[in-house]
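Listed below, chain by chain, are the residues.
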Amino acid sequence: MRNEKLAVFLIASPRGLSGTSASLAGYLAARLAREGMNCEAILVHRCVETDKGLDTLLKSVDRADLVVLAFPVYAGGLPGPAVRVLESMARRRAAVRAIMPKRFCAIANCGLPDAAECDTALAVCRIFTRQCGMIWAGGLALGGGEVLAGKPLTRSRLLARNAMRALAIAAKALAAGSPVPFKAASLMARPLMPWPLYLWLAHVRFFREARRSGAGARIFDRPYGR
Amino acid sequence: MRAVVLDGAEEGDPVLRRVRGIVEAELRGLKWEVSAFSLHGMDVAPCRGCFSCWTATPGRCAVSDDAEIVLKAVVPSDLAVFLTPVTFGGYNALLKNAVDRMLPLLSPFFLRRDGVFLQRSRYARNPRLLGIGVLSAPDMESVRVFTTQVHQNAEKLDSPARAALVLSSRHGSDLLAENVRNALTRVEIAR
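Residues numbered from 1 in each chain as written. Chains lettered and ligands numbered in written order. Predicted model: local features only at pLDDT ≥ 70, side-chain atom pairs only at ≥ 80, totals over all residues. Heavy atoms only, no water.

K.L.:
Which parts of the structure should I look at to understand the domain arrangement of chain A?
P.N.:
Interfaces are often sized by the accessible area lost when the parts come together. All names here are of chain A. Looking at chain A, the domain boundaries give domain 1 (6-193) and domain 2 (194-226). On the domain 2 side, the residues contacting the eight residues of domain 1 number seven residues. Buried surface at the junction of domain 1 and domain 2, both sides included, amounts to about 590 Å², of which 69% is carbon and sulfur. Counting the surface domain 1 buries against domain 2, the share from its top three residues, P113, E146 and M193, is 83%. Our enumeration of links across domain 1 and domain 2 arrives at one salt bridge. R205 serves as the salt-bridge partner of E146, at 2.8 Å between the closest nitrogen and oxygen. On inspection of domain 1 and its partner domain 2, the count reaches three residue pairs in polar contact (both at pLDDT 80 or more). Tallied by class, residues from the side of domain 1 that touches domain 2 come to four nonpolar, three polar and one charged. (Domains from an automatic or database assignment. Contact = heavy atoms within 4.5 Å. Buried area = accessible area lost by both parts, 1.4 Å probe. Salt bridge = Lys/Arg side-chain N within 4 Å of Asp/Glu carboxyl O. Polar contact = N/O pair within 3.5 Å; in protein donor to acceptor, adjacent residues only side chain to side chain. Nonpolar A, V, L, I, M, F, W, Y, C, P; charged D, E, K, R; others polar.)

K.L.:
Teacher, can you tell me more about the packing of helix α1 (residues 20-34) of chain A against helix α6 (residues 161-175) of chain A here?
P.N.:
Residue and element names in this part refer to chain A. Contact pair α1 / α6: the axes reach a minimum separation of 9 Å and the direction vectors enclose 45°. Viewed along their axes, α1 and α6 adopt a mutual orientation that is oblique. Crossing hand, α1 versus α6: right-handed. Across from L24, Y27, L28, R31 and L32 in α1, the residues of α6 making contact are A163, M164, L167, A168, A170, A171, L174 and A175. In terms of residue class, the contact of α1 with α6 is built from 12 nonpolar, no polar and one charged. (Axes fitted to C-alpha atoms, helices over the stretch in contact; angles between N-to-C directions. Helix = DSSP H or I, 4+ residues; strand = E, 2+ residues; numbered from the N terminus. Parallel < 35°, antiparallel > 145°, perpendicular 65-115°, else oblique. Left-handed = near helix turned anticlockwise from the far one by under 90°.)

Next up, the structure:
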């Protein structure tokens, strides 16, 4: 039986649909669809560029039963445009009392290998839901998300196996109106690979990219002084 | 000694304006040179997450806007002050955009210190960091999360001293000034 509930995914990555946030959100959306939910994706960075875009985003959120914010962690928190959306959602909910209470879930990924780097950002999401009368449906944190390089998770089966299992468990719970189970969160937080290997791969990648763009010799430049 | 104040106040926020005035007055009283930036009136685009500041134009952002002015001021400073309304326990969008754009201060190389992963700092000396948040209603979880965020940012920026201060919008000027003075002591500026 289809439950016809709507999940709105807010993809808060400047890379849009080609980032790891979209990969994670895409897999969760597919699993939620399998559980009978309708899913809609919105690119936050594009929407916040104009008032009209932001208004469209807020109207979509109004219709949702479940809101899923997927974002990369920047400077220990949510990217600026994601904060802007939360500020706007809070203002709207304060102004329009009739908006039904809805559930809010967050999927964070960070470039550092430890998923715990996402904790502060997820705490911000949790406080947001409490302060504007939404229901916290839990958060998932992935460390070393850069490795997935924005590819669909099904194309990185070995690396993303724990993330896929976590999202499948989360989808079942969310579709049933429950919060993300602890098991899903702990599976998602498992390292994608041993951290020394991750650091080595990251260093090789950045050196190679710098050399390719002719900046290999300037990689340690200090353009603004000491 | 130089200080940079990144003011995330929205237009017409009287409390943050008052706090900024107090911070500037205290620092000038200690003979510090202060550069303050009202982010509300500046053109600071969100970070594109392109890593050009690591791999194409090392140390510089590929996006040319007012964030470059902020970076140029932060690098040679001895103290950076983040000023923001506490927004769900974090920074507001204006300040967060500016902080996200500080990625060029870091190099693309990781290190692990005391079990914590960090990015190596690009510069040999970094400013101390004082994060000041103003709360409109008491909320202990917001205080805790804001404090954690400031300390994490300071650790990533390799700041030699750091402090987080959460003020109430209901505090009078005397109490605000006393709290700011105490925070400046914690970042080893005032005694």
